[in-house]
Amino acid sequence: MRVPTALSLALLAAPCLAEGQLELSVDLRLIAADGRSSYLDSGLGKLRFDEDHDGLQIGRLRAAWSRPFGERLNLHIDASLWRLEDHNALDFTEAYLEFRPYPSDGWRSRIRFGAFYAPISLEHRAAGWTNPYLISSSAINTWVGDELRTIGAEYSLDWLGTRSGHDFDLGLVAAVYLYNDPAGILVASRGWALHDRQTTLFGRVGESGDGFVANRVLFEEIDDRPGYYVGVNLRYLDRVDFRYMHYDNRADPARFDPGINDFAWLTSFDSIGVRAETAGGWTFIGQWLGGETIIEPDSGYEVWEFSSVFAMLSKAIGKHRISFRADWFDTDHVRTSWPPGLEETGNALTAGYSYERDQHWNFAVEAMQVESDFSGRSFIGEPTTADERILQLQLRYALSR
Amino acid sequence: MVDQVNLTFTPDLAVIPLGSTVTFPNSDKVSHQVYSFSPAKRFQLPLYRGMPYAPVKFENPGVVTLGCNIHDDMIAWLVVTDAGWSGRTAGDGSWTVSNLPAGDFRVEIWHPRMREPTAPVERQLKLAAAESGKLDAQLTRLPRPEPLGQKPRSWGEY
């Protein structure tokens, strides 16, 4: 979205902060990485921090504000800074108004209006759409944070069975949105990635401007056609959470916006995920996501099919947590007039430990290895295969009032 | 009193006499929004911290399921009863009552995991003075699993 940039801090600095809840956090990293030049810096590396970013780095600076208006309305604004050099460095990741009426005979409606995350990820449970298990998200949900945002309205209807003596709760969700026409460009032209950065509403991806992924705007309306998603959520007690979603941005792939130098990418996918927890502190999360994205330049249809799956196992022992995750990802350029096209296969292994000392201090360490074979690297004169590793130490301080 | 501590109702189940009142203080730093849509008592306590509201009076017998409209994981039960003697059993199922005369008793037993979620099962029991009796009732569903460990305060709903 190309909207005045001064907006970024104006709301947070407003005097009405006195009401509601303010959250601030500082996340610093110590990085040792041998990754290829990152897609954020003109390369096609999969990591947020490549071999040129060893040492102390900003992980994330975050400020969020929630304020109820009366009984049933709540305003939530979330802003973050990921790197000082970024375009609109401090910018919103989410900003929405939620209408949350009381349940009636076991049924409850909720309406969200604004910019927010679709309920796809089962990993991102902590404030600010943060993954509390590992520093870096799965390939699937890294992509969700990279390219997707609901900028529109969402309605969800829950049947609260556990409140009337049953073992299950059932939820249905549907949304209509605009400003997500570029979604698809990253998974097609960059391939999958694994990190914790989220694209901000007025931000860019690939700031330096001359790389394969250069100065991309992700949240823009190009064809004036709204997209939609529909989903189902089934919960067994508070133990098992199953989610299915179908997403379709209904973009017109023939439309091109010279202002952002991009097509409307017709992107649709299905996602299925499950999270199971035990009283012994174990958490399992598994998710599959598969879909396609299409553009139609003058040379003809370009069609990519993409899919990824991951499994994560985590064990909490008091304030300590150990987590492991395996990711597999694949993109097939099934129809192209640009041989060899942009094809990818890859996998990643991630292991992490975290220690939540108290409500303020959190320490985490994570090791990740990403192996990928991406044909797009031949266009920039690199070998198509890459074996990238990163070790991160994270220290986070959070304040809430 | 049913308190709210670390995003959990405490106690999670209480047996109260018909016509009694219950306060719902919120000891958490975050706001809660307590509700029940159980037929025995429908009520809502708008978003609050601390203890801003008058006690709630329970004037109909039955099971009242409590929830929080902000935190869907929070659940608790109040059993409102007009029985002459009532209480919550210990973890081993035992329950002791003093000053009970000898005689024939109708005993109602309820557990959140019984097939019929709002109606107790009934058993007959004949007791002499100072005697213990034993009643069996079969739970038709697995006991609710142990509570999950406390979630970090910063976790939300996504």
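Look above for the structure.
Each chain has its residues counted from 1, running along the sequence as written. Chain letters start at A and ligand numbers start at 1, both assigned in the order the entries are written. For this predicted model, a pLDDT threshold of at least 70 governs which residues receive local features, and a threshold of 80 or more governs which side-chain atom pairs are given and counted, while totals over whole chains, interfaces and linings are taken from all residues. Note: side-chain values were computed over all heavy atoms of the structure, leaving out hydrogens and water.

Asks: Talk me through the interface of chain A and chain B; I want residue IDs and the actual numbers.
Replies: Whether two residues are in contact is decided by their heavy atoms: any pair within 4.5 Å suffices. Between chain A and chain B, the contact holds 41 residues from the first and 36 residues from the second. Once two parts are put together, the accessible area they lose, assessed with a 1.4 Å probe and summed over both, is termed the buried area. When chain A packs against chain B, the two sides together hide about 3400 Å² of surface, and 47% of this comes from carbon and sulfur. Of all residues in chain A, Y102, R125 and R163 of chain A give up the largest surface area on contact with chain B, accounting jointly for 23% of the area buried on that side. A side-chain nitrogen of Lys or Arg and a carboxyl oxygen of Asp or Glu constitute a salt bridge if their distance falls within 4 Å. Remark: the boundary between chain A and chain B carries three salt bridges. The partner of D72 of chain B in a salt bridge is R110 of chain A, with the nearest N and O atoms 3.6 Å apart. Definition of a polar contact: a pair of N or O atoms within 3.5 Å, with one able to donate and the other able to accept a hydrogen when the atoms are protein atoms, and with sequence-neighbouring residues admitted only if both atoms are side-chain atoms. At the boundary of chain A with chain B, the tally comes to 11 residue pairs in polar contact (both at pLDDT 80 or more). Of the residues contributing to the side of chain A that touches chain B, the split by class is 13 nonpolar, 11 polar and 17 charged. Charged means Asp, Glu, Lys or Arg here, nonpolar means Ala, Val, Leu, Ile, Met, Phe, Trp, Tyr, Cys or Pro, and polar covers whatever is left, Gly included.

Asks: I'd like to hear about the pattern of salt bridges, residue by residue, with values.
Replies: Counted according to the given criterion, the structure contains 31 salt bridges over all chains. Across the pair R112 of chain A and E154 of chain A runs a salt bridge whose closest N-O atoms are separated by 3.0 Å. Here R112 of chain A, found in strand 5 (residues 107–116), pairs with E154 of chain A, found in strand 6 (residues 150–159); they are 42 residues apart in sequence, far enough to count as distant. Exposure class is identical for R112 of chain A and E154 of chain A. Each is buried. Salt bridges here are not isolated pairs; linked through shared partners, they connect R108, R110, D158, D169 and R235 of chain A together with D72 of chain B. Going along the chain from the N terminus, every DSSP run of H or I of four or more residues is numbered as a helix, and every run of E of two or more is numbered as a strand. Buried means the residue's accessible area, taken with a 1.4 Å probe over protein chains only, is under 20% of the maximum for its type, while exposed means over 50%, and partly exposed covers the values in between.

Asks: I'd love a proper account of unusual backbone geometry, names of residues and values included.
Replies: Glycine aside, residues mostly have negative phi angles, and peptide bonds mostly take the trans form. Residue and element names in this part refer to chain A. Residue P340 follows P339 across a cis peptide bond; omega there is 5°. Mapped onto the elements of the fold, P340 is located in the loop between strand 15 (320–335) and strand 16 (344–356). Of note in this structure, N215 is not a glycine but carries a positive phi near 55°. Counting through the fold element by element, N215 comes out in the loop between helix 3 (185–189) and strand 8 (227–236). Of note in the backbone geometry, N261 takes a positive phi value of approximately 55° without being a glycine. For N261, the location among the structural elements is in the loop between strand 10 (256–257) and strand 11 (262–263).

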